[in-house]
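Tertiary structure, described
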Amino acid sequence: MGNSNCHRWFARLAALLLASAMPAAAASDPLASLKAQFALPDEQVNFVEAKLVVDQLIDPSTDTAAIRRDLDRWERAVRSNVPAGSNGRQVLDALLKTLYEPGSWNDGKPFRYDLDDPLGKQPANKRLATYLATRKGNCVSMPILVAILGQRLGLTITLSTAPEHVLAKFADDSLHMWINVEATGGGYKRDDSYIRDTGISQTALENEIYLRPLRPHEAVGVIANTLMEHYAREGNGAALMEVADLALIANPKDTVAMIWKANASYLLIQSRYQRKYPNAADIPKELVSDFQRLSVENLAWFERAEALGWAQKTPEQDAAYLQSIQNEKARRGQ
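Residues numbered from 1 in each chain as written. Predicted model: local features only at pLDDT ≥ 70, side-chain atom pairs only at ≥ 80, totals over all residues. Heavy atoms only, no water.

1. Brief notes about the overall build of the protein chain
Tallying secondary structure elements over the protein chain gives 15 helices and 6 strands in all. Across its three principal axes, the protein chain shows a C-alpha extent of roughly 80 × 70 × 40 Å. Taking all 334 residues of the protein chain together, the buried fraction comes to 43%. Per element, the accessible surface of the protein chain, about 17200 Å² overall, is 54% carbon and sulfur. (Helix = DSSP H or I, 4+ residues; strand = E, 2+ residues; numbered from the N terminus. Buried < 20%, exposed > 50% of the residue type's maximum accessible area, 1.4 Å probe, protein only. Areas by Shrake-Rupley, 256 points an atom, 1.4 Å probe, with all protein chains shown as cover.)

2. Points about the sheet that holds strand E4 (residues 165–172)
Spatially, E3-E4-E5-E6 is the arrangement adopted by the 4 strands of the open sheet, whose pairing is antiparallel. Where the open sheet ends on each side, the last strands, each with one partner, are strand E3 (157–162) and strand E6 (187–188). Pairing geometry for E3 and E4, over 6 bridges, is antiparallel. Paired with Leu159 across the bridge in E4 is Ala168. The sheet contacts of helix H7 (residues 141–152) involve E3, E4 and strand E5 (177–182), and relative to E3 the element is tilted by about 160°. (Pairing = 2+ DSSP bridges. Contact = heavy atoms within 4.5 Å. Axes fitted to C-alpha atoms, helices over the stretch in contact; angles between N-to-C directions.)

3. Looking at the pairing of E3
Counting buried residues along E3, 6 of its 6 residues qualify, which places the element largely inside the surrounding structure. As consecutive antiparallel partners, E3 and E4 are separated by 2 residues, and within that stretch Glu164 has a phi angle of approximately 55°, a positive value.

4. So, helix H14 (residues 285–308)
An α-helical turn contains 3.6 residues, so any two residues separated by three or four positions project in the same direction. Over its 24 residues, H14 extends 36 Å from the first C-alpha to the last, a length consistent with the 34 Å expected when each residue adds 1.5 Å. Buried residues of H14: Asp290, Leu294, Asn298, Trp301, Ala305 and Leu308, and no others. Contacts from the buried residues of H14 go to helix H9 (202–206), helix H12 (237–250) and helix H13 (255–274). Just past H14, the residue Gly309 takes up positive phi, approximately 120°. (Expected span 1.5 Å × (residues − 1).)

5. Topic: the environment of Leu153
Structurally, Leu153 can be placed in the loop between H7 and E3. Not counting residues within four places of it along the chain, the set of residues in contact with Leu153 comprises Glu75, Val78, Arg79, Val91 and Leu95.

6. Some points on the pairing of E4
Within a regular strand, side chains alternate between the sheet's two faces. Of all 8 residues making up E4, 8 are buried, and the element is well covered by its neighbours. The pairing of E4 with E5 spans 5 bridges and is classified as antiparallel. Residue pairing in the sheet places Ala168 in a bridge with Val181 of E5. Hairpin connection, E4 to E5: the antiparallel pair is bridged by 4 residues, and His176 has positive phi, about 55°.

7. Considerations on the packing of aromatic side chains
Enumeration over the complete set of coordinates arrives at 4 aromatic pairs. The interplanar angle of 65° and the centroid separation of 5.0 Å between the aromatic rings of Phe111 and Tyr131 together place this pair among those described as edge-to-face. With Phe111 in the loop between helix H5 (88–100) and strand E1 (112–113) and Tyr131 in helix H6 (residues 128–134), the pair connects residues that are 20 residues apart, well separated along the chain. Judged by its relative accessible area of 2%, Phe111 falls in the buried class. The exposure class assigned to Tyr131 is buried, which follows from its relative accessible area of 0%. Judged by centre distance (5.5 Å) and plane angle (75°), the rings of Tyr273 and Phe291 are edge-to-face. Of this pair, Tyr273 sits in helix H13 while Phe291 sits in helix H14; the two residues are 18 residues apart in sequence, bridging distant segments of the chain. A cation over a ring is seen here: Arg89 above Tyr188, with NZ or CZ 4.2 Å from the ring centre. For the cation-ring pair, Arg304 lies above Trp301, with the distance from its terminal atom to the ring centre recorded as 4.1 Å. (Phe/Tyr/Trp six-rings, centres within 6.5 Å; stacked < 30°, edge-to-face > 60°. Lys NZ or Arg CZ within 6 Å of the ring centre and 35° of its normal.)

If you want it as structure tokens, here you go:
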């Protein structure tokens, strides 16, 4: 009996020590919570947890409890639209209906693509709290919400990418294939449509950098893209490099993370050398090797992405996309 009490006492002490160590670890490593998400095995990856970690790193005031309550409510709304005995595809159809078709389940206010910020230039618009509050989203927030709710509903669903675009993919057991969910429109879309619309090259297809259903831990890298954007805006090359490295460890073919890693190298060159030594010849000898390494890596990561099939979007492509947005706004009478 005494040994049993002693063991319980030591167990409680160990738990207390572990609990007290966790805040200290988080304080010493701001990215500890994100690293924990990347370290999870695929079967334990939870898209909402990953998204909340990212959003809270960007905005520490993020009310995660309120977001969870909203998600609980939307999950119940979807389940109320699922017919008895439904298969996975019918559950997904009910999910899309609940989000995108006006009805009592959404108070007649469906989620829609944000035509006022089509390029997602407003950082807050990519965060889950903003999307749930405004019901106006983009090609980041919209597929992530579909994946979050789909996962909660027990669907085999994940994220995928096309050039400068994120989509959801659903494993349809009845058809024995993956189905693309175009969350910005609330429907389905074939691979060949993405290839045509986003200009995916044959090289990119052969290297499978686009339209591949990502494993859950790879999808965490897609979710973390907004955090990389955040660190780039802040000029924090070190943090940007660290997150890009996490994404590349998860998915070595993540060309978006490669471009961010190249940008991180440039930001570090700026902060360590260009601002201090406008003339490169003035860089101290002991620092020259680091300056040269970063310069080489800046170019090398762009080249690596291009070799896999990544291509910089052209001004003509941007103009055509913005014109399509104007056409859609005119159609809606906006």
